[in-house]
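Each chain is listed here by its residues.
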Amino acid sequence: PELNDRFIRVVRPDGSVLYVSDIPNNNSFDPRDVPLLPGPVTKETTHKEMTKRGAKLLVVSDPTPVNGRNYLVEVGISETQINEVLGRFATTLAIGLPVFVAIAVFGGYMLVGRALAPVQEITGAAQEITLHHLDMRLPPINTGDEIEKLSNTLNQMIGRLHRSFQMSSRFTADASHELRTPLTIMRGELENLLLDKTTPPSLAEVLNSLFEETERLSRIVEGLLALSRLDTGEAQMRRTKLDLSELASTTAEQMCLLAEEKKINLTCSTNGRVSVEGDPSKLKQVVVNLLDNAIKYTPAGGEIRVSVESKEGRAQLHVADTGPGIPDGALPHVFDRFYRADEVRSREVEGTGLGLSIVQSICAAHGGTIAVKNLDKGGCCFTVELP
Ligand code: ADP
């Protein structure tokens, strides 16, 4: 007991002390000063005692039978020693607990991050898969768990979507193709009747209106055919390196006459060669459709500006006009198929509502985008961006 500073005492059944330990090393108390428990002790008790010189002890007294009589074995320790141990424990907790919590939080964060990495990969890839990229698939995930199953199921679903989308595009393409020939025949026959001098004027008027409607129908059918061919990927894409500046300025030049007829000033500003890779006839159609709209919707005396520039490694084509602009509510829909803003319908400007959808599909097929915004000073600006 002197080595570990404990107090030990054995008391005979008659109350006299058989053994008491020596003064401990740290000199914190004198074991002989620890008062004896009054009366016979029949069961183990824990009690606090104070020595004559004021040292406090925690003592356990345990009656131990020997030959039928109870000897009292007492073991104790100074309270200052207990407090010291508790103090050290509190310090360890105060320093250790925050470190432990920090390690647990960091470890948890890393583990969750690792577990969710495939989910992030799937999310990123899924965002890339749009209507124009239904042939893309989610990356193979070989985690052997539910995430792998989810990724495979999603891929099968995208495959089914792709097939049904192709079927519906195929149907539109076939239907438009079949409608083309009878429409051409009808237009020819109507034209012949209109040119025939013997046709009475009242009938000619009706025939003229029929001819105009047939032409409109033909434009719709041509637009639908072009769109569905782009959707199914059947549209023949010639991939050549070309100068977008040159393509825009020659197309603008060719359409100048149309603009002049409406007394619209059409200008094109380019700043050197801007190289893009794509199908010249399809990209020309983009410029034609945008200019056609600008000329259609800009009133006489207005202005149309075409410009081409290279920005951050991407080619940009802007077509800005001083027309009425696009109502805010219509802005998100102008690229939808058959969409025409109500105001335009009421002004009876000719159109099918397919022009901008075709432009968007061509841009997407070239890995590009198209956007539109209204300008502060009136009119709107379409921006095509190509790699
Ligand atoms: P549309 O054959 O009607 O011109 P588009 O797909 O080319 O069909 O355009 C869709 C709609 O977008 C048009 O009906 C019109 O409301 C709006 N729009 C397109 N270009 C312009 C423009 N330059 N200025 C104002 N409105 C425009």
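Just so you know, these numbers come straight off a predicted model, no measurement behind them.

A. Spotlight on the overall build of the protein. The helix and strand tally for the protein stands at seven helices and twelve strands. At 46 Å, the protein has a C-alpha radius of gyration far larger than the 21 Å of a compact globule built from 387 residues. Its C-alpha atoms put the protein at 150 × 45 × 40 Å along the principal axes. When each of the 387 residues of the protein is scored for burial, the buried share is 35%. The contacts in the protein between residues at least 6 apart in sequence include a share of 56% that link residues at least 24 apart. The averaged location of the 50 negative side-chain charges in the protein is 5 Å from the averaged location of its 41 positive side-chain charges.

B. Up close: helix 3 (residues 201-232). The first and last C-alpha atoms of helix 3 sit 46 Å apart over 32 residues, in line with the 46 Å expected at 1.5 Å per residue. Looking one or two residues past helix 3, Gly233 carries a phi angle of roughly 80°, positive in sign.

C. Representation of the sheet that holds strand 12 (residues 380-386). The sheet built from five strands is open, its strands ordered 7-9-10-12-11 with mixed pairing. A strand with exactly one partner marks an edge of an open sheet, and here the two such strands are strand 7 (265-270) and strand 11 (369-374). Between one strand and the next, the sheet's axes are offset by a mean angle of 15°, whatever the strand orientation. With six bridges connecting them, strand 10 (residues 314-321) and strand 12 associate as antiparallel partners. Paired with Ala320 across the bridge in strand 12 is Cys381. Against the sheet, helix 5 (residues 280-297) contacts strand 7, strand 9 (303-311), strand 10, strand 11 and strand 12, and its axis sits at roughly 20° relative to strand 10. Helix-sheet contacts for helix 7 (residues 355-365) involve strand 11 and strand 12, and the interaxial angle to strand 11 is about 135°.

D. Expanded view of a nonpolar patch on the surface. Together, Phe89, Leu93, Leu97, Phe100, Val101 and Val105 line one region of the surface with nonpolar side chains, adding up to about 610 Å² of accessible area. When you line up the elements, Phe89 lands in helix 1 (residues 79-128).

E. Structural context of unusual backbone geometry. Phi at Asn67 is positive, roughly 50°, even though this residue is not glycine. A relative accessible area of 80% means that Asn67 is categorised as exposed. Its identity as a non-glycine residue notwithstanding, Phe338 has a phi of 65°, on the positive side. Position of Phe338 among the secondary structure elements: in the loop between strand 10 and helix 6 (342-347).

F. Spatial organisation of empty space enclosed by the protein. Under the criterion given, the structure shown has one cavity of 30 Å³ or more. Looking at the lining of the largest cavity element by element, the count peaks at three residues for helix 5. Of the residues contributing to the lining of the largest cavity, the split by class is seven nonpolar, no polar and no charged.

G. Focus on the layout of surface pockets. Roughly 770 Å³ of volume is contained in the largest pocket. Asn293, Lys296, Tyr297, Gly355 and Leu356 are the residues nearest the centre of the largest pocket, which is lined by 36 residues in total. Mapped onto the lining of the largest pocket, the elements with two or more residues apiece are helix 3, helix 5, strand 10, helix 6, helix 7 and strand 12. Take the lining of the largest pocket: its biggest share by element is nine residues, from helix 5. Residue classes in the lining of the largest pocket are distributed as 18 nonpolar, nine polar and nine charged.

Thresholds applied
- Along each chain, residues carry numbers from 1 onward, in the same order as the chain's sequence is written.
- Restriction of local features to residues with pLDDT of at least 70 applies here, the model being predicted, together with a cutoff of 80 or more for giving and counting side-chain atom pairs; totals for whole chains, interfaces and linings are based on all residues.
- Water and hydrogen atoms play no part in the side-chain values, which are based on all heavy atoms of the structure.
- Helix and strand assignments come from DSSP, with helices taken as H or I runs of at least 4 residues and strands as E runs of at least 2, each series counted from the N terminus.
- When we talk radius of gyration, it's over C-alpha atoms, and the globule rule is simply 2.2 Å times the number of residues to the 0.38.
- When accessible area is computed with a 1.4 Å probe and restricted to protein chains, residues below 20% of their type maximum are described as buried, those above 50% as exposed, and intermediate ones as partly exposed.
- Contacts are assigned to residue pairs that have any heavy atoms within 4.5 Å of one another.
- His is not counted, nor are the chain ends; Lys and Arg add positive charge and Asp and Glu add negative charge.
- Charge coordinates come from a single atom per side chain, which is NZ of Lys, CZ of Arg, CG of Asp or CD of Glu.
- Here the expected span of a helix is defined as 1.5 Å times the quantity of residues minus one.
- Note: two strands are recorded as paired if DSSP finds a minimum of 2 bridges between them.
- Lines fitted to the C-alpha atoms define the axes, with helices restricted to the stretch that makes contact. Angles between their N-to-C directions range from 0 to 180 degrees.
- Residues enter a patch when their relative accessible area is above 30% and they make no salt bridge; the linking distance is 9 Å between like charges and 5 Å between nonpolar side chains (Val, Leu, Ile, Met, Phe, Trp, Tyr).
- Shrake-Rupley sampling with a 1.4 Å probe provides the accessible areas, and residues are treated as covered by the protein chains on show and by no other component.
- What counts as a salt bridge is simple: a side-chain nitrogen of Lys or Arg found within 4 Å of a carboxyl oxygen of Asp or Glu.
- Here a cavity is any set of points on a 1 Å grid over the protein atoms alone where a 1.4 Å probe fits but cannot get out, and a pocket is any open set with protein on both sides within 12 Å along at least 5 of 7 lines; a residue lines the site when it has an atom within 4 Å of a point.
- Grid points are joined across faces, edges and corners, and a volume is the space filled by probe spheres set on the points.
- Residue type decides the class: Asp, Glu, Lys and Arg count as charged, Ala, Val, Leu, Ile, Met, Phe, Trp, Tyr, Cys and Pro as nonpolar, and the leftover types, Gly among them, as polar.

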